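Chains, contacts and geometry: an overview
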Amino acid sequence: MKLGITMEGGASRTVFSCGVSDAFLEENIMPDYFIGVSAGIAYGISYLSKQKGRNLKIIQKYMQDKRYMGVRHLLKSKNFYNIPFVFGEVPNKLEAFDYEAFAEFPGKVEACVTNIHTGKPEYLEVPRRDEQFEVLVASCALPILFQPVKVGKHYYLDGGLSDSIPYQHAIEEGCDKNIVVLTRERGYIKKPERAGDITSRLYKKYPKIVEDIKTRPERYNACIEKLMEKEKSGEIFVIAPETTYGVGRTESDPDKLTRLYEEGYQQAKRQMGDLKRYLEIEQDKHQAG
């Protein structure tokens, strides 16, 4: 068995996935392959480094901190999130990321990004010792809220523009068992972004990105429909919130975020019996560490 885990993005809503992954750590459920989009990979690496509770501490201590995110950062650096603080000071000084433990993770770790010229998804391997977290920043680079990020010779934006839930790529990587963690409730239907026209004007030099933005709701909804069919047939195991408590993309209130984290933790615990049955006898291997 090769176990793949795919984590959807959703910025602040992805704290749901932090609760799920902490429940996984308690059960010693670890993947052979992990792929995340945007905040799904940014938070996901703490799971892969087995730092249970680290994401919750960041949520509670720093997301409401003025140094973390806000309009003033957008006006100053054209990034809503203060990248040197979020991807520099926090993991390297304030809430230390365990690079050694991450390096010891034996599986493959990829982040989904969107090439600004082709509009196509690319799946970049996440370096184990990059203190700048360059690939993670690229995967998180939401239009308007971030500037495009250069990795190697190319510029990228948020992977969710082209492949919001890249479970199909996990299958292509040979994963015959797949867990997909969503950040929207079952039945959620994506509608056109309210800022779609503004985004289209801002990215008029990149027509493929404009096309991605326009077609994203239709592609996202089709992806979810296919995913639900695969869940029903027993091919894929899905964990999704019963409610997101109205948490938006840039929510910073620690109480609201903690509540959504607890929703993720409890939802994973409620589904744990079914998950272990889905993983069948091979689950013993993961429990053994």
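To be clear, the structure that these remarks concern was listed above.
Residues numbered from 1 in each chain as written. Predicted model: local features only at pLDDT ≥ 70, side-chain atom pairs only at ≥ 80, totals over all residues. Heavy atoms only, no water.

Points about the nonpolar core
Heads up, the condition is: Residues grouped as a nonpolar core are buried Ala, Val, Leu, Ile, Met, Phe, Trp, Tyr and Cys residues, joined through side-chain atoms within 4.5 Å. When accessible area is computed with a 1.4 Å probe and restricted to protein chains, residues below 20% of their type maximum are described as buried, those above 50% as exposed, and intermediate ones as partly exposed. Secondary structure elements follow DSSP: runs of H or I of four or more residues count as helices, runs of E of two or more count as strands, with numbering from the N terminus. The contact definition used throughout considers only heavy atoms, calling two residues in contact when any of these lie within 4.5 Å.
Ranked by size, the top nonpolar core spans 76 residues in total, and within it Phe24, Tyr68 and Leu275 carry the most contacts. By residue number, the principal contributor to this core is helix 11 (residues 254-279), which donates 9 residues. With residues near it in sequence (within four places) discarded, Tyr68 still touches Tyr43, Ile58, Tyr62, Met63, His73, Tyr81, Asn82, Phe85 and Val86.

Considerations on empty space enclosed by the protein
Formally: We place a 1 Å grid over just the protein atoms. Points where a 1.4 Å probe fits but has no way out form a cavity, open points with protein on both sides within 12 Å along at least 5 of 7 lines form a pocket, and any residue with an atom within 4 Å of a point lines it. Grid points are joined across faces, edges and corners, and a volume is the space filled by probe spheres set on the points. Each residue gets one of three labels, nonpolar for Ala, Val, Leu, Ile, Met, Phe, Trp, Tyr, Cys and Pro, charged for Asp, Glu, Lys and Arg, and polar for the others, Gly among them.
Considering all chains together, one arrives at 5 cavities of 30 Å³ or more under this definition. Counted as a void, the largest cavity has a volume near 350 Å³. In this structure, the largest cavity is lined by 23 residues; those nearest its centre are Ala42, Tyr43, Tyr68, Val86 and Phe87. Those elements giving two or more residues to the lining of the largest cavity turn out to be helix 2 (39-48), helix 3 (54-61), helix 5 (83-94) and helix 7 (134-140). Looking at side-chain class alone, the lining of the largest cavity contains 19 nonpolar, 3 polar and 1 charged residues.

Describing the packing of aromatic side chains
Our working rule: Working definition: rings of Phe, Tyr and Trp (its six-membered ring) pair if their centres are within 6.5 Å, and the pair is stacked with planes under 30 degrees apart, edge-to-face with planes over 60 apart, and tilted otherwise.
A complete count under the given rule lists 13 aromatic pairs for this structure. On the numbers, 5.6 Å between centres and 65° between planes, the contact of Phe97 with Phe102 is edge-to-face. For the ring pair Tyr99 and Phe133, a centre distance of 5.9 Å and an interplane angle of 25° mean the geometry is stacked. With Tyr99 in helix 6 (residues 99-104) and Phe133 in the loop between strand 4 (121-125) and helix 7, this pair connects stretches of sequence that are 34 residues apart.

Considering the side chain of Glu8
The line we're drawing: By the counting rule applied here, Lys and Arg register as positive and Asp and Glu as negative, while His and the ends of each chain are not counted. By salt bridge we mean one thing: a side-chain nitrogen of Lys or Arg within 4 Å of a carboxyl oxygen of Asp or Glu. Counted as a polar contact is a pair of N or O atoms within 3.5 Å, where, for protein atoms, one must be capable of donating a hydrogen and the other of accepting one, and residues adjacent in sequence contribute only when both atoms are in side chains.
Counting through the fold element by element, Glu8 comes out in the loop between strand 1 (3-7) and helix 1 (15-26). For the buried residue Glu8, which engages in no salt bridge, the nearest side chain bearing the opposite charge is Arg216, 6.0 Å off. Within polar-contact distance, the side chain of Glu8 engages the side chain of Tyr220 at 2.7 Å. Once residues lying within four places of it in the same chain are set aside, the contact partners of Glu8 are Thr14, Val37, Gly40, Ser164, Ile165, Val181, Leu182, Thr183, Arg184 and Tyr220.

Digging into the pairing of strand 1
Basically, it comes down to this: In short, DSSP must find at least two bridges between two strands for them to pair. Handedness of a crossover is defined as follows: orient the strands so they point away from the viewer, and if the path from the first strand over the helix to the second runs clockwise, the crossover is right-handed.
Extensive coverage of strand 1 is indicated by the burial of 5 of its 5 residues. Residue alternation in strand 1 divides its side chains into two sets, Leu3, Ile5 and Met7 and Gly4 and Thr6, and both sets are buried. The sheet contact formed by strand 1 and strand 7 (residues 177-181) spans 5 bridges and is parallel. The partner of Met7 across the bridge, within strand 7, is Val181. Alignment of strand 1 against strand 2 (residues 33-37), held across 4 bridges, turns out to be parallel. Considered in strand 2, the bridge of Met7 is made with Gly36. For the crossover that starts at strand 1, traverses helix 1 and ends in the parallel strand 2, the hand is right-handed.

Quick notes on the packing of helix 1 against helix 11
To keep things clear, this is the line we draw: Only the stretch in contact is used when a helix axis is fitted, and all axes are lines through C-alpha atoms; the angle between N-to-C directions ranges over 0 to 180 degrees. To sort the angles, those under 35 degrees are grouped as roughly parallel, those over 145 as roughly antiparallel, those from 65 to 115 as roughly perpendicular, and the leftovers as oblique. A crossing counts as left-handed when the near helix is turned anticlockwise from the far one by less than a right angle, and as right-handed when that turn is clockwise.
With their axes 7 Å apart at the nearest point, helix 1 and helix 11 run at an angle of 45° to one another. Comparing the axis directions of helix 1 and helix 11 gives the class oblique. Judged by the twist between their axes, the crossing of helix 1 over helix 11 is right-handed. Two secondary-structure elements touch here, helix 1 through Val15, Phe16, Cys18, Gly19, Val20, Asp22, Ala23, Phe24 and Glu26 and helix 11 through Leu257, Leu260, Tyr261, Glu263, Gly264, Tyr265, Gln267, Ala268, Lys269, Met272 and Leu275.

A closer look at the environment of Phe85
Checked against the element boundaries, Phe85 lands in helix 5. Sequence separation between Phe85 and Arg67 is 18 residues, and the spatial gap between their C-alpha atoms is 6.7 Å. If we skip the residues at most four places from it in the chain, Phe85 touches Tyr62, Asp65, Arg67, Tyr68, Val90, Pro91 and Leu94.

Examining helix 10 (residues 207-232)
Where we set the bar: Any helix carries an expected span of 1.5 Å times its number of residues minus one. Here the bend at a residue means the angle between the axes of two seven-residue stretches, the one that ends at it and the one that starts at it.
With 26 residues, helix 10 should cover 38 Å at 1.5 Å per step; its first-to-last C-alpha distance of 37 Å lies within 8% of that length. At Thr215, helix 10 is deflected by roughly 55°, the largest bend along its length, and proline Pro217 occurs up to four residues later in sequence. Within the span of helix 10, buried status applies to Ile209, Val210, Asp212, Ile213, Arg216, Pro217, Tyr220, Cys223, Ile224, Leu227 and Lys230. Two residues or fewer past helix 10, Gly234 is found with a positive phi of approximately 85°.

Quick notes on the pairing of strand 6 (residues 154-158)
As paired elements, strand 3 (residues 108-115) and strand 6 share 3 bridges and run antiparallel to each other. The partner of Thr114 across the bridge, within strand 6, is Leu157. With 3 bridges joining them, strand 5 (residues 149-151) and strand 6 adopt antiparallel strand pairing. Among the inter-strand pairings, Val149 is bridged to a residue of strand 6, identified as Tyr156. Here strand 5 folds back onto strand 6 in antiparallel fashion, the turn holding 2 residues, of which Gly152 has a positive phi close to 65°.

By themselves, these observations are geometric and do not establish any function.
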